[in-house]
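# Structure assessment
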Amino acid sequence: MTEHFSDAAGARPWNAVDSGVIRHAIDPSLLGHAEISPKGEFEAGSYASFTLVYTAGKFGVDDSGSLRIVFRFASDQGNPQFDDPSGANYCTVEASNGAVLQLRWDPKGNVRPWDRTLWIKVVKGFLQEGDTITIRFGVTDHGGPGMRLQTFCEETFEFRVLVDPIATFNFQPLPVQPAIAIVPGKPERFVAALPTLKRPGEPFDLKLKGEDGWGNPSDTCSGRFLLEADGAIDGLPDSVEMKPGAFSLTVPGLTVSAPGKVSVAVRSEEGALVARTNPLIVEDRELVHFWADMHGQSEETIGTGSATEYFAFARDRAWVDACGHQGNDFQISDEFWAELNRITAEFDADGRFVAMPGYEWSGNTSLGGDRNVYFPTEGRTIRRSSHALIEDKTTADTDCFTAKDLFAAFSDEGESDVVCYAHCGGRYADIGFAHDGRFEKSVEVHSSWGSFEWLLHDAFKLGYRVGVVCNSDGHKGRPGASYPGAGKFGAIGGLTCFNASELSRPALLDCMRKRHHYGTTGGPNGRIAIDLSAHFESQAEIYHDDPALGPSQALSGTSAMMGDIVKLPQGDAELAVTVDAASPIERIDVFNGLALVETIRPFGEDDLGARIRLHWEGAEYRGRFREVIWDGGAELTGNTIAHATPINFFNRDKTLDQVGDDRVAWKALTTGNFGGADLRLSDPQAGSISVSTPLVSFDMPIAEIGYEDVVHDASGELPRFFKLFRLPDDNPHLSMSVRRRVSIDAGKDNPIYVRVTLEDGTRAWTSPIYIFR
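Described in the following lines is the structure provided in the data block. All residue numbers here refer to positions counted from 1 along the written sequence of the relevant chain. For this predicted model, a pLDDT threshold of at least 70 governs which residues receive local features, and a threshold of 80 or more governs which side-chain atom pairs are given and counted, while totals over whole chains, interfaces and linings are taken from all residues. Neither water nor hydrogens contribute to the side-chain values; these are computed over all heavy atoms in the structure.

Attention shifts here to the overall build of the protein chain. Starting at the N terminus, helices and strands are each numbered in turn, a helix being any DSSP run of H or I of at least four residues and a strand any DSSP run of E of at least two. The helix and strand tally for the protein chain stands at 5 helices and 57 strands. Radius of gyration here is computed from C-alpha atoms only, and the compact-globule reference equals 2.2 Å multiplied by the residue count raised to the power 0.38. Scaling as 2.2 N^0.38, a compact globule of 773 residues should have a C-alpha radius of gyration of about 28 Å, and the protein chain matches this with 27 Å. Overall, the protein chain is about 85 × 70 × 55 Å in size when its C-alpha atoms are taken along their principal axes. Residues count as neighbours in contact if any of their non-hydrogen atoms are within 4.5 Å of one another. Of the contacts formed within the protein chain by residues at least 6 apart in sequence, a portion of 73% connects residues at least 24 apart. Summed over all atoms, the accessible surface of the protein chain reaches about 28,500 Å², with 49% contributed by carbon and sulfur. Here the open area of atoms and residues is found with the Shrake-Rupley method and a 1.4 Å probe, where only the protein chains shown may cover a residue.

Right, here's the structure in full:
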């Protein structure tokens, strides 16, 4: 017999204090054991049914004793439910001796990272040695589909069992845990990539992989694929063959002998296009592009998979050139810190892959919020925000409880080679509370948690001169290709493009300190080639280190690149922007700090057709629960929808559905980023449209939707809005080069940067060029 409830409404009738483990309280061999069936491999995101049997050990389980079946924070599996036998994730629990059990699902019912908790409490009776508790996950007896598995891969997905046999509220893990393997499904799409900027004659690789429906690289790809170059690529074969067992294919040793632009189309043997690479720009330059995801975690803290698997995925399956591991400091023991340093040293290889040592300083928001810390070498001191989940306190004297303390420690200890980023994850960085430009060089404006352009705006308001980066902050073991899955993460993890002379730690750190980089929202078309420069009629002083922070060496010149700080005695600036992408360019927004200077589109009003873009964007507030629900629909009167295309629908549970020929309905959320839909109408001008969402509802004539945005604002603490505009029926513009004269205001900083938006929903932000009189 079972009783059950959930804490969805916040009720906690049991003691809800998350209990840690008193080590060696009971010999683990006396706690009993658990078995799960079936075992083996199961496809990510699929439905399955499992039976877990716990057999009580020497002490049995006393009246009011408990079990916890716990899962990792990062998992996006379906939550067990006890009320709907015909629904997904239906769960039953039964004691072999008839003891009455009370059940509760609590997503924060245990110590992280194992906080997702099925709590089973004996409330009438007891268990003695040999008695069992049988838990059935995903019961299908009444027509339910089963238990929805997490959408990302994991070699050892544990149903982790903790036991409190003597009802002391001291839960101890079983010595052997039941586990299954979660593996990728069949490929549903193929992704191909080239570098974005190389020098003539410099060798490079073509990469190709298949991804399942949730973005996992698939090892079940097979077949021959034809390679078709746009431009002359030396060494490119006519075809390649993918074989089962491999997660990625590399075509090495390619070169382009002359300046220009090339790309590769990948086709099936029948000639159908299955993938197209990003453009590769070939120019004789001092600085070229290297792509990175510098921010994520593995299972030793709150992520998935080992730290070794984390770096291997970044290098071999996501194809990034550089990667950093940023575990929460209060979970990094001295032993793991030493191991992490060993791993970064092992993976770091000049010219092939950069593994950057570092960690996340994870202070509470009131104490400064999350900061990324990067070191040029292994063996450095980790200055934690606390030892919250570390039992050994022997190094607690190096803790820095506030971000101010952290920066002061770097200064006092002469650690001028440290580079920091401010970011927004669960805790957001309060750069008004603490910031030191000598160390904190950039802000992270996009990650799997969403988009945070407001963090850059905070810096402008405070007079800071920072660069822009994007990373994943991924918890799913997929750095560099971190899809959001089915959980609360609202976005694909971002990527940063470094302009550096070579692929090495010193070169990338030099780029980080000079802010010579830009960030994108990642995804299959996230590797956009962007060049931003400013040109002056008279000589200017160009700084890499901020002269407002102390003595800084100036260079004299008439041009500057993204990230540079420029003292311009007179005249305005001519901004030069070049964008090359794999998806059509929707717009380039030019900003001077908080002010939008101009929106530049690659098409004119005469090019507009019968395609209407619905665009929703925003976040509720800065903290963890920032998601905005946009579930709703649009209905036409006096017109029909020929075709509807979703934009940035990353979660397969969130869908855009065409309901008849005059209506679409959607389930969608944003976390500072944006989503939307393209409606291709039967008549470009006729009729009206009615839109309904929880935040915005309106009616308007279709003829009034044109070149400029029609914005319906619902902003609160942060921007939230719905806008409509018209697009050409076909936008062929994958490249844009524009030059614009920008007025420079005296007596203030002029942070000049661009934000690029592609038609497929990909976005990018450059680091600003800071110009002052």
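The complete set of buried residues in helix α3 (residues 403-412) reads A403, L406, F407, A409 and F410. Taken down its axis, α3 places every buried residue within 155° of arc, on the same side. Buried residues in α3 make contact with β28 (358-361), β29 (371-374), β30 (419-422) and β31 (440-447). Directly beyond the C-terminal end of α3, a positive phi value near 70° is found at G414. We call a residue buried when its accessible area falls under 20% of the maximum for its residue type, exposed when it is over 50%, and partly exposed in between, using a 1.4 Å probe and counting protein chains only. The directions considered for the arc are those from the helix axis to the C-beta atoms.

Turning our eyes to something else, we now look at the packing of aromatic side chains. Centres within 6.5 Å make a pair out of two Phe, Tyr or Trp rings, where for Trp the six-membered ring is used; the pair is then stacked when the planes are under 30 degrees apart, edge-to-face when over 60, and tilted otherwise. For the structure on display, the rule yields 33 aromatic pairs. An angle of 75° between the planes, with centres 4.9 Å apart, marks the rings of F42 and F50 as edge-to-face. The burial state of F42 is the same as that of F50; both residues are buried. For the pair W291 and Y518, a centre-to-centre distance of 5.9 Å together with 90° between the ring planes defines the contact as edge-to-face. Pair noted here: W291 is in strand β25 (residues 288-293) and Y518 is in strand β35 (residues 517-520), with a separation of 227 residues, a long-range link.

As for its position among the elements, S682 is in the loop between β49 (674-681) and β50 (688-692). Once the C-alpha coordinates of S682 and I641 are considered, the two residues, 41 residues apart in sequence, prove to be 6.0 Å apart.

Among the surface-exposed residues, E605, D606, D607 and E708 lie close enough to one another that they form a single negatively charged patch. Inspection of the secondary structure puts E708 in the loop between β51 (697-701) and β52 (710-713). For patches, a residue must show more than 30% relative accessible area and have no salt bridge; joins then use 9 Å for like charges and 5 Å for nonpolar side chains, namely Val, Leu, Ile, Met, Phe, Trp and Tyr. Basic side-chain nitrogens of Lys or Arg form a salt bridge, by our definition, when they fall within 4 Å of a carboxyl oxygen of Asp or Glu. As used throughout, the charge tally considers Lys and Arg to be positive and Asp and Glu to be negative, leaving His and the chain termini uncounted. In this description, the location of a charge corresponds to atom NZ of lysine, CZ of arginine, CG of aspartate or CD of glutamate.

Now for the packing of helix α1 (residues 307-316) against helix α2 (residues 334-347). Working convention: axes come from line fits to C-alpha atoms, limited for helices to the stretch in contact. Angles between N-to-C directions cover 0 to 180 degrees. Direction vectors running N to C along α1 and α2 enclose 30°, while the axes themselves pass 10 Å from each other. It follows that α1 is roughly parallel to α2 by the angle criterion. As α1 packs across α2, the resulting crossing turns out to be right-handed. Of the residues in α2, those in contact with A307, T308, F311, A312 and R315 of α1 are F336, L340, I343, T344 and F347. Under the scheme applied here, ten amino acids are nonpolar (Ala, Val, Leu, Ile, Met, Phe, Trp, Tyr, Cys and Pro), four are charged (Asp, Glu, Lys and Arg), and all others, including Gly, are polar. When the residues that make up the contact of α1 with α2 are grouped by side-chain class, the tally is 7 nonpolar, 2 polar and 1 charged. Any angle from 65 to 115 degrees is called roughly perpendicular, while one under 35 is roughly parallel, one over 145 is roughly antiparallel, and all others are oblique. Crossing chirality is assigned from the near helix's rotation relative to the far helix, an anticlockwise turn below a right angle marking it left-handed and a clockwise turn marking it right-handed.

It is worth spelling out the environment of W105 at this point. With respect to the secondary-structure elements, W105 resides in strand β8 (residues 100-106). Taking the C-alpha atoms as reference points, W105 and F82, 23 residues apart in sequence, are found 9.3 Å from one another.

Our next topic: the sheet that holds strand β46 (residues 656-658). Strands are labelled as partners when DSSP assigns at least two bridges between them. Ordered in space as β46-β47-β44-β50-β51, the 5 strands form an open sheet in which the pairing is antiparallel. The sheet is open, and its two edges are formed by β46 and β51, each paired on a single side. Within this sheet the neighbouring strands show an average axis-to-axis angle of 15°, counted without direction.

Buried residues dominate helix α4 (residues 453-462), accounting for 7 of its 10 residues. All of the buried residues in α4 are E453, W454, L455, L456, D458, A459 and F460. Just downstream of α4 lies G463, where phi reads positive at about 80°.

Where the residue is not glycine, phi is negative for most of them; where a peptide bond is considered, it is trans in most cases. The linkage connecting S37 with the following residue, P38, adopts the cis geometry, with an omega of -5°. Looking at the element boundaries, P38 is found in the loop between β2 (32-37) and β3 (41-43). In this structure, F169 is a non-glycine residue whose phi angle is positive, near 65°. Of note, F169 is situated in the loop between β13 (160-164) and β14 (172-173).

Before going further, it helps to spend a moment on a nonpolar patch on the surface. The grouping of L30, F59 and I166 at the surface amounts to a nonpolar patch, some 240 Å² of accessible area in total. With respect to the helices and strands, the residue I166 is situated in the loop between β13 and β14.

Moving on, we get to the environment of I26. Structurally, the position occupied by I26 is in the loop between β1 (2-6) and β2. Judged by relative accessible area, which is 12%, I26 ranks as buried.

In spatial order, the strands read β3-β15-β12; together these 3 strands make up an open sheet with mixed pairing. The open sheet has two edge strands, β3 and β12 (154-158), and neither has a second partner. Across this sheet, the average inter-strand angle for adjacent strands is 40°, counted without regard to direction.

So, on to the pairing of strand β23 (residues 273-276). Across 3 bridges, the pairing between strand β22 (residues 260-268) and β23 is antiparallel. For R267, the partnering residue across the bridge sits in β23 and is L273. Taking the residues that link successive antiparallel strands as the turn, the β22-β23 hairpin has 4 residues, and the phi of G271 there is positive, at about 100°.

Enumeration over the complete set of coordinates arrives at 52 salt bridges. Close ionic contact of R383 with E415 constitutes a salt bridge, the shortest N to O distance being 2.8 Å. In this pair, R383 is assigned in the loop between β29 and α3 and E415 in the loop between α3 and β30, connecting sequence segments 32 residues apart. Each member of the pair, R383 as well as E415, is classed as buried. R587 is the partner of E586 in a salt bridge, and the nearest nitrogen-oxygen pair spans 2.3 Å. Residues joined by salt bridges that share partners form a network here, namely E586, R587, R601, R611, R613, D678, D709, K723 and E759.

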